[in-house]
Amino acid sequence: MDRRSFCLSAFSAALLAPAAARSADAYPTKPVRIVVPYAAGGGPDILARQLGPKLGEVLGQAIVVENKVGAGGVLAALYVAQQPADGYTVLMGSNSHLIQKVLQPSLKFDPVGDFLPVTLVGTSPSVLVVADNSPYRKVEDLVAALLANPGKMNYGSGGIGSAAHLGGATLLSLSGAQATHIPLKGSVEIPLSLLRGDTAFAFAIAGTAVPQVKGGKLRALAVTSAARLKELPGVPTLNEVMRNELTVQEFWFGLWLPAKAPADVVAKLYATTVRTLADPALAVQFEAAGNRVVHSDSPQADAAFVRSEYRKWAEIIKLTGITAS
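What this report covers is the structure whose coordinates are included nearby. (Residues numbered from 1 in each chain as written. Predicted model: local features only at pLDDT ≥ 70, side-chain atom pairs only at ≥ 80, totals over all residues. Heavy atoms only, no water.)

### A look at the side chain of Thr119
Rules: Counting from the N terminus, the helices are the DSSP runs of H or I reaching at least four residues and the strands are the DSSP runs of E reaching at least two. Buried means the residue's accessible area, taken with a 1.4 Å probe over protein chains only, is under 20% of the maximum for its type, while exposed means over 50%, and partly exposed covers the values in between. Polar contact criterion, stated in full: a pair of N or O atoms within 3.5 Å, where within protein one must be able to donate a hydrogen and the other to accept it, and residues adjacent in sequence count only if both atoms are side-chain atoms. Throughout, a residue-residue contact means that at least one pair of heavy atoms, one from each residue, lies within 4.5 Å.
On the secondary structure map, Thr119 appears in strand β4 (residues 115-131). The class for Thr119 is buried, based on a relative accessible area of 0%. Among the polar contacts listed, one links the side chain of Thr119 to the backbone nitrogen of Ser296, at a separation of 2.9 Å. When near neighbours in sequence (up to four residues on either side) are disregarded, Thr119 contacts Gly254, Leu255, Tyr270, Thr273, His295, Ser296 and Asp302.

Shown next, in the form of C-alpha cells:
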C-alpha cells in the first residue's frame, strides 16, 4: 500500500469509528415499538405496558406498545422479523414462539435464527382455575370428575400450543383423564369462557388469573411454578399434588430484535432494560399481576437460554402428544 492510500484508509477509519460510537449514543432518536403477540388485557400485554413507560424514561424516548394478535404469536413474530433491524421494532418474545415452531416446522420464521434476544424481562407460571361457583375446590376433585366423565368436559386455552393448552394436556396425560380442548381467540377470553360455563377448567397465565382470583370471579386450584406464589399463598403447586416435575411450567417473556440489529444497539437496549428492571416499583407492579421480574446476564446468555428452552419444550410436546391440528 502506498503512502497516499494508507493515509486515506487511516482517515476513513478515523471517520467511521466516531460514527459507530455516535450510533449507540444517539439511539433511540424516535419512539420504540414493543410488539406484543397477544390481546390487550392479557398477561404479556400487561407486562409490556408496565415496563414500557419506565423503559421510555431511561431511554429518553416514548415506548409504544402495539398488539398484533394471531396464530399463537406467529403473526407478530413474522412481522417483527421483516422490520428494519434498527432497534425501533422490538418483539415481546416468549417460549410460545419456540413451541409454535416445534408444532409447525414449516412456519416461515425461525425463533432462534431470525432474532437477537436482548434479555428476559419476566416469568409467569400458569394457574389452574375454575369458575368461582364451580363444584371443584381441589385438583383431586377436578381429576375425579374428569375420570368419571371421559371426554365430556372442556378446557379452554388461548390457542394450540399456548400455556393453557400445554398445562391442560400435561394434567390429562399424567392423570390418565380425557377432556376436550377448546382453543379460544386469546388467553384474555379464558375467564369469560369459565364464567359462561363453556369450559370447566383452564390453565391461565398468572398475569391474567391472579386479578380474577383476587376479584372473586375465579377459584385457583394449583399453580405451575416450582414454589407457591406469594400472591396466592394458600394455593398449592401442581407438583405438590401430582408429584411430577413436568407440571412445573413457567412461561417467560423477553425483548427480541430482528437478527441483523447492530451490536451497539443491542447492548444499549440491554443495559437500559436491566437498569429499568431494577426499579423496585416495577417489581411490585409485576408481582401484583403474577409476574416475576428477571433479566439475563447478557444478550449472549439470553440467546443460550432460548436455545436450551427450544429443546426443553420440544420434549414436553413429544411427551404430551400435542399436534398443530
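### Concerning a nonpolar patch on the surface
The condition that has to hold: Residues enter patches when their relative accessible area tops 30% and they take part in no salt bridge; the joining distance is 9 Å for like charges and 5 Å for the nonpolar side chains Val, Leu, Ile, Met, Phe, Trp and Tyr. The method behind every accessible area is Shrake-Rupley, applied with a 1.4 Å probe, and residues are considered shielded solely by the protein chains displayed. Only one rule defines a salt bridge in this text: a Lys or Arg side-chain nitrogen within 4 Å of an Asp or Glu carboxyl oxygen.
A grouping of Leu174, Leu246 and Leu319 is seen on the molecular surface, where their side chains present a nonpolar patch of about 240 Å² in accessible area. Tracing the backbone through its elements, the reader meets Leu319 in helix α12 (residues 299-320).

### Some details on the nonpolar core
Note the threshold: The set of buried Ala, Val, Leu, Ile, Met, Phe, Trp, Tyr and Cys residues whose side-chain atoms join them within 4.5 Å is what this entry labels a nonpolar core.
Grouped together as the largest cluster of nonpolar side chains are 47 residues, with contacts concentrated most on Val127, Leu128, Val129, Leu142, Leu166, Phe201 and Leu232. The element contributing the most residues to this core is helix α6 (residues 163-175), with six residues. Excluding its chain neighbours within four sequence positions, the residues that come into contact with Val129 are Leu194, Phe201, Ala202, Ala204, Ala209, Val213, Leu218, Arg219 and Ala220. Formed by 29 residues, the second largest nonpolar core is a distinct cluster that contains Leu47, Leu51, Val90 and Ala261.

### Overview of the pairing of β4
Inclusion rule: Strands were regarded as paired on the criterion that DSSP finds at least two bridges between them.
Of all 17 residues that make up β4, 16 are buried, and the element is covered over most of its length. Direction of pairing for β4 relative to strand β9 (residues 250-258): antiparallel, over a ladder of nine bridges. Counterpart to Pro125 in the pairing with β9 is Glu250. Of the pairings in the sheet, the one linking β4 to strand β10 (residues 292-293) comprises two bridges and is antiparallel in character. When the bridges of β10 are listed, Thr123 appears paired with Arg292. The sheet contact formed by β4 and strand β7 (residues 201-205) spans four bridges and is antiparallel. What sits directly across from Ser126, in β7, is Ile205.

### Description of the packing of helix α4 (residues 95-103) against α12
What describes two packed helices is the angle between their axes and the distance between those same axes. For clarity, the cut-off: Axes here mean lines fitted to C-alpha atoms, for a helix over just the part in contact, with angles spanning 0 to 180 degrees between N-to-C directions. Put simply, angles under 35 degrees are roughly parallel, angles over 145 are roughly antiparallel, angles from 65 to 115 are roughly perpendicular, and the rest are oblique. Left-handed describes a crossing whose near helix is turned anticlockwise from the far helix by less than a right angle; the clockwise case is right-handed.
Contact pair α4 / α12: the axes reach a minimum separation of 9 Å and the direction vectors enclose 55 degrees. Comparing their axes, α12 and α4 come out oblique. Two packed elements cross with a definite hand, and for α4 against α12 that hand is right-handed. Between α4, through Asn95, Leu98, Ile99, Lys101, Val102 and Leu103, and α12, the contact on the second element is made entirely by Val306, Glu309, Tyr310, Trp313, Ala314 and Ile317.

### Some points on the pattern of salt bridges
A side chain of one charge can pair with a side chain of the opposite charge when the charged atoms of the two come close. Across all of its chains, the model carries eight salt bridges by this definition. Between Arg33 and Glu66 there is a salt bridge whose closest N-O contact spans 3.0 Å. Here Arg33 is found in strand β1 (residues 32-36), whereas its partner Glu66 is found in strand β2 (residues 63-67), with 33 residues between them in sequence. A salt bridge links Lys68 to Glu66; its shortest N-O distance comes to 3.4 Å. In this structure, a network of salt bridges that share partners links the residues Arg33, Glu66 and Lys68.

### Here's the deal with the environment of Gly158
Mapped onto the secondary structure, Gly158 falls in the loop between β5 (154-157) and α6. Placed 27 residues apart in sequence, Gly158 and Lys185 show a C-alpha to C-alpha distance of 6.1 Å. In this view, Gly158 contacts Ala164, Leu184, Lys185, Gly186, Ser187 and Ile190; residues no more than four positions away in its chain are not counted.

### A word on unusual backbone geometry
Leave glycine aside and you will find that most residues have negative phi; peptide bonds, for their part, are mostly trans. With omega at -5 degrees, the peptide bond leading from Tyr27 into Pro28 counts as cis. If you trace the backbone, Pro28 turns up in the loop between α1 (3-26) and β1. Backbone geometry places Arg243, a non-glycine residue, at a positive phi of 55 degrees. With respect to the helices and strands, the residue Arg243 is situated in the loop between α9 (238-242) and β9.

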